[in-house]
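# Notes for the structure review
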Amino acid sequence: QRPRRRAAAMAAQLKRCLVRRRDGREQHGVAASCLRELRDKASGILAIDKAREPITLVLAEDGTIVDDEDYFLCLPSNTKFVALAKNEKWSSKSLDSGTAWLSESVDEVDSAAEKWKQLARQLKDDLSNIILMSEEDLQVLIDVPRSDLAEELAQSQTKIQVLQDTLQQVLDRREEERQSRQLLELYLEALKNEDSILSKVAESETVPRKEMDVVDTGTSSTGTSAKTALSDQILATLKEKPAPELCLDSQDLELVLKEDTQALASALRWDKQKAEALQQACDQELSKRLQQVQTLHSLRSTSKGKKTLPWGDWLSSKRKK
C-alpha cells in the first residue's frame, strides 16, 4: 500500500501541460512537477537540439515568459506552452490552432496601425501636410489615442490635443464646404429645370409638336473603348460623393486632372461636360491647397530665421483661422 500511496502523492503534485514548437501545430501532453522538469521533458519530446538549449517557455495565448517557479505552480492544468529555442522570439503568428481564425483580424489591425503611423510620420516631417490629406486620413489621425500619437511624434499630450483639434476643424470645414456646394448644386439644378419647363411651354405654344429624336447622353461607341487609369476607389468617390474633390488627397486630385476627359466620362457614365466640370473643381481644390502650403512655407522662412515654426505657434495660428 505504501508504494501506491507514494505514487498517488507524486501524481497529485504533477501538473498536466501542453507544449509545442513556435511554428508547429502538433501539441504534446507533458506532466511535470516543476518548471525545470517541464523544460527538460519539452526539449526531449520536441526534439530540440542540445546546441539550441536552454529553451524558453512562453504562454501560447499571449507570449508571456514563464521563468518563475511559483508562477508556474499557479497556472491551471492543461496550460498551453510554446517552447522557444535559443535566439527564437514569440510573435503573434505563433498563435495556436484554436485561435488561428484570428489571424485575419490581426493582420487588419496591423495594417491600420501602419496606416496612422505612416500619416503621423508625414506630419512629423512637415505639418503643412495636413492640408494635402484626404478626409479619411484626417479621421484616422483623429481616432488615434492621444498617448499613442504623442509617443509617435515625440510631443506632449497637450500639443497632441491641439493637433487633433486642428485636424477636426479642417475636417469640419471640408464638410461645411461640401454641404454648401451641395445646396448650390441643388439650387442650380432647380433653376435649370425651371428654365427647361418654361422653354418647353413656349415652344409648344409657337411650334407644332414634332417627333423628337432620342439622344443618347451616355457613352458613345468611341467612348466605351476609352479606358481610365484611376483606381476603383477613386472612381467610387468621384461618383458617389457630392463634393468628391474634398474627399481626395492631393495625389489623387492630380491623377484625376491628368486623366483624359472622355475616358473619365466613360468610366463614370457621365457626359463629357459633367466630367469637365469635375476636373475643374479638382483643379481649383488642388490649387487652393498648394497655395496654402506655399503660404505656410513663406511664413516659416520669415519667422526669426527658424527652419520651422514651433508646434504650438503653428497650430495656434491654424486654430485662429
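Model, not experiment: these values are computed from the prediction. (Residues numbered from 1 in each chain as written. Predicted model: local features only at pLDDT ≥ 70, side-chain atom pairs only at ≥ 80, totals over all residues. Heavy atoms only, no water.)

### Describing the overall build of the protein chain
Which entries qualify depends on this criterion: For helices the rule is a DSSP run of H or I covering at least 4 residues; for strands it is a run of E covering at least 2, with both sets numbered from the N terminus onward. Note on classification: 1.4 Å probe, protein chains only; a residue is buried when its accessible area is under 20% of the maximum for its type, exposed when over 50%, partly exposed between these limits. Any two residues whose heavy atoms approach within 4.5 Å at even a single point are treated as in contact. Note on areas: these come from Shrake-Rupley sampling with a 1.4 Å probe, and a residue is covered only by the protein chains present in the view.
A count of helical and extended segments in the protein chain gives 13 helices and 4 strands. Residue burial in the protein chain is summarised as follows: out of 321 residues, 31% are buried. For the protein chain, the share of sequence-separated contacts (at least 6 apart) that also reach a separation of at least 24 residues comes to 62%. When the accessible area of the protein chain is evaluated, it comes to approximately 21,200 Å², of which 50% is carbon and sulfur surface.

### With respect to the side chain of Lys 15
Heads up, the condition is: Positive charges are assigned to Lys and Arg, negative charges to Asp and Glu, while His and the chain termini are left out of the count. Here a salt bridge means any side-chain nitrogen of Lys or Arg lying within 4 Å of a carboxyl oxygen belonging to Asp or Glu. Polar contacts, as used here, are pairs of N or O atoms within 3.5 Å; protein pairs need one atom able to donate a hydrogen and one able to accept it. Residues neighboring in sequence count only if both atoms are side-chain atoms.
In this structure, Lys 15 sits in strand S1 (residues 15-21). The side chain of Lys 15 sits in the buried core without any salt bridge; Glu 69 is the nearest counter-charge, 8.9 Å away. There is a polar contact of 2.6 Å between the side chain of Lys 15 and the backbone oxygen of Leu 75. Non-local contacts of Lys 15, meaning those with residues more than four positions away in its chain, are made with Val 30, Ala 31, Ala 32, Phe 72, Leu 73, Leu 75, Pro 76 and Ser 77.

### Quick notes on the packing of helix H9 (residues 232-240) against helix H11 (residues 261-268)
Stated formally: Helix axes are fitted only over the stretch in contact, all axes being lines through C-alpha atoms; the angle between N-to-C directions runs from 0 to 180 degrees. An angle below 35 degrees is read as roughly parallel, one above 145 as roughly antiparallel, one from 65 to 115 as roughly perpendicular, and any other as oblique. For this classification, Asp, Glu, Lys and Arg are treated as charged, while Ala, Val, Leu, Ile, Met, Phe, Trp, Tyr, Cys and Pro are nonpolar and the rest, including Gly, are polar.
Interaxial distance between H9 and H11 falls to 10 Å at its minimum, and their mutual angle equals 75°. Taken together, the axes of H9 and H11 are roughly perpendicular relative to one another. In this structure, H9 uses Leu 235, Leu 238 and Lys 239 to contact H11, whose residues at the interface are Leu 264, Ala 267 and Leu 268. Split into classes, the residues belonging to the contact of H9 with H11 amount to 5 nonpolar, no polar and 1 charged.

### Some points on the confidence of the model for the protein chain
What counts here: Note: pLDDT gives the predictor's confidence per residue, expressed from 0 to 100.
Model confidence for the protein chain is summarised by a mean pLDDT of 76, while 74% of its residues fall at 70 or above. Note that pLDDT drops below 50 for residues 209-225; the model gives that stretch 8 contacts with residues more than four away or on any other chain.

### Considerations on unusual backbone geometry
Residue Pro 54 follows Glu 53 across a cis peptide bond; omega there is 5°. Its place among the elements puts Pro 54 in the loop between helix H2 (35-45) and strand S3 (56-59). For Asn 78, which is not glycine, the phi torsion reads 65° and is therefore positive. Along the polypeptide, Asn 78 turns up in the loop between helix H3 (69-74) and strand S4 (79-84). Its relative accessible area of 42% is what places Asn 78 among the partly exposed residues.

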